[in-house]
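Examining the three-dimensional arrangement
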Amino acid sequence: LGSLRVSDIRKLMARMEQIMIINRYIERSGRASFIIPGAGQFINKEPLSGSLFLAAHLGVIGGTLAGAYFLLPQDLQFGNTDYLNESLTIINDRWNSHSFQDYLPSVSVLVGGSIVDMILRTISSRNAEKLAREKVKSGAVKPRLYFLREKGGFGFGMHMGMM
């Protein structure tokens, strides 16, 4: 420690700050893909894999909702119940006339679809983090801090885009 100079400490601090910025970029990519599968891939300029993850996510959601709907008891489906024009009392009575066992297939599809969607989100997130690491390592992406002027005054902002 005695041989360290202020300039050495500044260099170390700058390097630590750069590492923190890179880690935030990687985390942001993963978080974006967990929230919306494919978003982290789009951030990392990988539109094909981003589109595939997004399409898979929409397919899982659409399939889950369609499967759950078609497994509802017949009298609750839109062809047999007019949810816009019938009274709430009639609609409520129809829903309450069924046991939990009648709803179990539909609920099972919803739970299964949710599990599949969480697995897809996790895979997409990990893939986005891996892409971000590769892009930073290859130099294709250089996350950096930049000076940001906001309405309320000046402040430091984080720029995570491509350079």
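Everything numeric in this text was worked out from a predicted model, so none of it was measured.

Some remarks on the environment of Val111
Within the secondary structure, Val111 sits in helix H5 (residues 100-138). C-alpha separation for the pair Val111 and Ala68, spaced 43 residues apart in sequence, amounts to 9.7 Å.

Examining H5
An ideal rise of 1.5 Å per residue puts 57 Å on 39 residues; H5 measures up with 55 Å between its terminal C-alpha atoms. Remark: the principal bend of H5, roughly 35 degrees, maps to Ser106. Gly139, located one to two residues past H5, shows a positive phi value of around 90 degrees.

Comments concerning a nonpolar patch on the surface
On the surface, a cluster of nonpolar side chains totalling about 630 Å² of accessible area is made up of Phe100, Leu104, Val107, Val111, Ile115, Ile119 and Ile123. Relative to the helices and strands, Ile123 resides in helix H5.

Digging into the confidence of the model for the chain
On average, residues of the chain carry a pLDDT of 88, and 87% of them reach 70 or more. Note on residues 147-163: pLDDT is under 50 here. Beyond four places in sequence and across chains, it has 32 contacts.

Points about the pattern of salt bridges
Counted by the stated rule, this structure contains four salt bridges. Residues Arg31 and Glu27 are paired through a salt bridge, measuring 3.9 Å at the closest nitrogen-oxygen approach. Here Glu27 and Arg31 lie together in helix H1 (residues 6-35), a separation of four residues that amounts to about one turn. Assessed through its relative accessible area of 42%, Glu27 is described here as partly exposed. Here Lys135 ties to Glu46 by a salt bridge, and the two come within 3.3 Å at their closest N and O atoms. Residue Lys135 is located in helix H5, and its partner Glu46 is located in the loop between helix H2 (39-43) and helix H3 (47-70); the two are separated by 89 residues in the primary sequence. For Lys135, a relative accessible area of 16% translates into the label buried. Overall, the relative accessible area of 27% leaves Glu46 in the partly exposed class.

Scoring rules and cut-offs
- Residues numbered from 1 in each chain as written.
- Predicted model: local features only at pLDDT ≥ 70, side-chain atom pairs only at ≥ 80, totals over all residues.
- Heavy atoms only, no water.
- Helix = DSSP H or I, 4+ residues; strand = E, 2+ residues; numbered from the N terminus.
- Expected span 1.5 Å × (residues − 1).
- Bend = angle between axes of the 7 residues up to and from the residue.
- Patch = residues over 30% accessible without salt bridge, like charges linked within 9 Å, V, L, I, M, F, W, Y side chains within 5 Å.
- Areas by Shrake-Rupley, 256 points an atom, 1.4 Å probe, with all protein chains shown as cover.
- Salt bridge = Lys/Arg side-chain N within 4 Å of Asp/Glu carboxyl O.
- pLDDT = per-residue confidence, 0-100.
- Contact = heavy atoms within 4.5 Å.
- Buried < 20%, exposed > 50% of the residue type's maximum accessible area, 1.4 Å probe, protein only.

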